[in-house]
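In case you want the letters, here they are:
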Amino acid sequence: TQNTSAHTTTTNNNNTSHLKAVCFLRPTEINAGLIVRELSSKRPRFSEYHLFFSGILPSQLLRLMAENDEFELVKQVQEFYADFLPINSDLVTLNCR
């Protein structure tokens, strides 16, 4: 499934510009596009964006987001290797010992 955490239902009428956004996303083109759309808007919703990806973010997506961060609102981009596969419907393992 695609994570669309970057898209919020907050309208521009709500003043959230004093808040900081923390986004945990899968590193997909769709999610990068949502972040780009938010960053390139004339009135971004939040004062800062802290982006955390659940796997390796392709360099072209990172570059695309950086080029569209006109107001330099992205304060950090991190990769956390949190993708995993379920073995079956009632068991998930990270293969850690």
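Our subject is the structure listed above.
Just so it is clear, the model here is predicted, and its values are computed rather than measured. (Residues numbered from 1 in each chain as written. Predicted model: local features only at pLDDT ≥ 70, side-chain atom pairs only at ≥ 80, totals over all residues. Heavy atoms only, no water.)

**Overview of the packing of aromatic side chains**
Logical step 1: Under the criterion given, the structure shown has two aromatic pairs.
Logical step 2: Ring plane angle 80 degrees and centroid distance 5.9 Å describe the contact between Phe 46 and Tyr 49, whose orientation is recorded as edge-to-face. Tyr 49 matches Phe 46 in its accessibility class, with the two residues each being buried.
Logical step 3: Note on Phe 52 and Phe 80: the rings are 5.7 Å apart at their centroids and 35 degrees apart in plane angle, and the pair reads as tilted. One end of the pair, Phe 52, is in strand 2 (residues 48-53); the other, Phe 80, is in the loop between strand 3 (74-79) and strand 4 (86-88), and 28 residues separate them in sequence. (Phe/Tyr/Trp six-rings, centres within 6.5 Å; stacked < 30°, edge-to-face > 60°. Buried < 20%, exposed > 50% of the residue type's maximum accessible area, 1.4 Å probe, protein only. Helix = DSSP H or I, 4+ residues; strand = E, 2+ residues; numbered from the N terminus.)

**Structural notes on the sheet that holds strand 2**
Logical step 1: Ordered in space as 1-2-3, the three strands form an open sheet in which the pairing is parallel. Each edge of the sheet is formed by a strand with only one pairing partner; in this case those strands are strand 1 (20-25) and strand 3. Direction aside, neighbouring strands of the sheet carry axes that sit 10 degrees apart on average.
Logical step 2: Bridge count for strand 2 against strand 3 is five bridges, and the pairing is parallel. Within the sheet, the bridge partner assigned to His 50 lies in strand 3 and is Gln 76. (Pairing = 2+ DSSP bridges. Axes fitted to C-alpha atoms, helices over the stretch in contact; angles between N-to-C directions.)

**Quick word on the nonpolar core**
Logical step 1: Ranked by internal contacts, the top residues of the largest apolar core, which has 15 residues, are Cys 23, Ile 35, Tyr 49, Leu 51, Phe 53 and Met 65.
Logical step 2: Where this core is concerned, the elements lending two or more residues are strand 1, helix 1 (29-39), strand 2 and helix 2 (59-67).
Logical step 3: It is helix 1 that contributes the most residues to this core, four residues altogether. (Core = buried A, V, L, I, M, F, W, Y, C linked by side-chain atoms within 4.5 Å.)

**Thoughts on the pairing of strand 2**
Logical step 1: Within strand 2, six of the six residues are buried, which leaves the element mostly enclosed by the surrounding structure.
Logical step 2: By the alternation rule, side chains of strand 2 split into Glu 48, His 50 and Phe 52 and Tyr 49, Leu 51 and Phe 53, which are all buried.
Logical step 3: The pairing of strand 1 with strand 2 spans six bridges and is classified as parallel. Residue pairing for strand 2: Phe 24 is matched across the bridge by Phe 52.
Logical step 4: One crossover worth recording links strand 1 to the parallel strand 2 by way of helix 1, and it is right-handed.
Logical step 5: Remark: the strand 2/helix 2/strand 3 crossover connection has right-handed handedness. (Right-handed = clockwise from strand over helix to strand, strands pointing away.)

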